[in-house]
Amino acid sequence: MDPGVVLDIARESMVLAAKLAAPVLVTALVVGFIMSLFQSVTQIQEMTLAFVPKAIAAALALAIAGQWMISSLIQFTTSLWERIPALVAG
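Residues numbered from 1 in each chain as written. Predicted model: local features only at pLDDT ≥ 70, side-chain atom pairs only at ≥ 80, totals over all residues. Heavy atoms only, no water.

**Observations concerning unusual backbone geometry**
- A positive phi is found at Q43, a non-glycine position, where the angle reads about 60°.
- Tracing the sequence through the fold places Q43 in the loop between helix 1 (3-42) and helix 2 (47-89). (Helix = DSSP H or I, 4+ residues; strand = E, 2+ residues; numbered from the N terminus.)

**Description of the pattern of salt bridges**
- Summed over all chains, the structure comprises three salt bridges.
- The residue D8 makes a salt bridge to R11 at a minimum N-O spacing of 2.8 Å. In this pair, D8 and R11 both sit in helix 1, three residues apart, roughly one turn of the helix.
- When its relative accessible area of 49% is taken as the criterion, R11 is described as partly exposed. (Salt bridge = Lys/Arg side-chain N within 4 Å of Asp/Glu carboxyl O. Buried < 20%, exposed > 50% of the residue type's maximum accessible area, 1.4 Å probe, protein only.)

Okay, here's the thing in structure tokens:
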């Protein structure tokens, strides 16, 4: 197997991992920033006030983007399985 092919597969998997993590992470980041801003303005320093909305928003983002995430992962896995004969043959 060519090292270039291995690097290409590794790059594709890293890009896919970033794409799959982005909706949940960006949502948690935005909600966390908003809640931190709210806590700074109101001077309420309750930890659950920051955690619960982030957890709910992340779950909501996962529910909304979950179908796309699964289909992207299945498509990538299928393409890897289809490439196996060419990779083994050289």
